[in-house]
Amino acid sequence: MDTVKKVADSITEQTFVLMPKDLNGQHRLFGGQLMSWIDVLAGIVAKRHSQHMVVTAAVDNLQFKEGAGDGDILVLIGKITYVGSSSMEVRVDTYVESLDGIRRTINRAYLVLVALDENGKPVRVPRLELVTESEKAEWEGGKRRSELRRQRRIEGF
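Residues numbered from 1 in each chain as written. Predicted model: local features only at pLDDT ≥ 70, side-chain atom pairs only at ≥ 80, totals over all residues. Heavy atoms only, no water.

Attention shifts here to the nonpolar core. With 30 residues, the main nonpolar core has Leu29, Leu74, Leu76, Met88, Val90 and Val92 as its most contacted residues. Elements represented by at least two residues in this core include exactly α1 (31-50), β4 (73-83), β5 (87-97) and β6 (103-116). With seven residues, the single largest contributor to this core is α1. With residues near it in sequence (within four places) discarded, leucine 29 still touches Leu18, Asp22, Leu23, Asn24, Leu34, Trp37, Ala68, Leu74 and Ile106. (Core = buried A, V, L, I, M, F, W, Y, C linked by side-chain atoms within 4.5 Å. Buried < 20%, exposed > 50% of the residue type's maximum accessible area, 1.4 Å probe, protein only. Helix = DSSP H or I, 4+ residues; strand = E, 2+ residues; numbered from the N terminus. Contact = heavy atoms within 4.5 Å.)

See below:
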């Protein structure tokens, strides 16, 4: 029998305070630092879902919507949006949180990770039980993104 998990089973949230070491020459959040945090968070989400070691196979989409600066509180939230046989699509949203707790989106990323067994070979991941309308919509988007990735591979991208 296949294992089934819910999106909520692997949602992960991390919080950071931006410091000078995280900034670029314009005193704004260095994009490479954010990309690193996103990759780590996506890996945790995928590992929680699959209960296996994982590797990042693709960064499918990474949209910088706004910047952030020294002292800002950053909140990253990751969740599974789509699964294949051994692959998982993870959405990571990044927010700047103001002192009154209001969050504004500064980045959204979709990554694809693959679960590996102890020999480094792809292994089947749990199916995903979709509970909310939002989860169902993300799944449909994930199916479309998966097909686009497959088409790009055929075309040599």
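Next comes the rest of the write-up.
Right, let's talk about the sheet that holds strand β2 (residues 12-17) for a bit. What the five strands build is an open sheet, ordered β2-β4-β5-β6-β3; its pairing is antiparallel. Of all the strands in the sheet, just β2 and β3 (53-64) have a single pairing partner and so form its edges. Taking each pair of neighbouring strands and ignoring which way they run, the sheet shows an average axis angle of 25 degrees. As paired elements, β2 and β4 share six bridges and run antiparallel to each other. Among the inter-strand pairings, threonine 15 is bridged to a residue of β4, identified as valine 75. Taken strand by strand, α1 contacts β2, β3, β4, β5 and β6, and its axis lies near 45 degrees from that of β4. Sitting on the sheet, helix α2 (residues 133-154) is in contact with β3, β4, β5 and β6, with an inclination near 75 degrees to β4. (Pairing = 2+ DSSP bridges. Axes fitted to C-alpha atoms, helices over the stretch in contact; angles between N-to-C directions.)

Glancing now at the packing of aromatic side chains. The geometry of an aromatic ring pair is captured by the separation of the ring centres together with the interplanar angle, meaning the angle of the planes. One pass over the full model with this rule turns up two aromatic pairs. Judged by centre distance (4.1 Å) and plane angle (10 degrees), the ring pair of phenylalanine 16 and tryptophan 37 falls under stacked. Placement of the pair is phenylalanine 16 in strand β2 and tryptophan 37 in helix α1, with a sequence separation of 21 residues. Tryptophan 37 gets classed as buried once you look at its relative accessible area, which sits at 11%. Plain terms: the ring middles of tyrosine 82 and tryptophan 139 are 4.4 Å apart, the flat faces sit at 50 degrees to each other, and that makes the pair tilted. With a gap of 57 residues between them, tyrosine 82 in strand β4 and tryptophan 139 in helix α2 connect regions that are remote in the sequence. Overall, the relative accessible area of 18% leaves tryptophan 139 in the buried class. The side chain of arginine 145 reaches across the aromatic face of tyrosine 110, ending 3.8 Å from its centre. (Phe/Tyr/Trp six-rings, centres within 6.5 Å; stacked < 30°, edge-to-face > 60°. Lys NZ or Arg CZ within 6 Å of the ring centre and 35° of its normal.)

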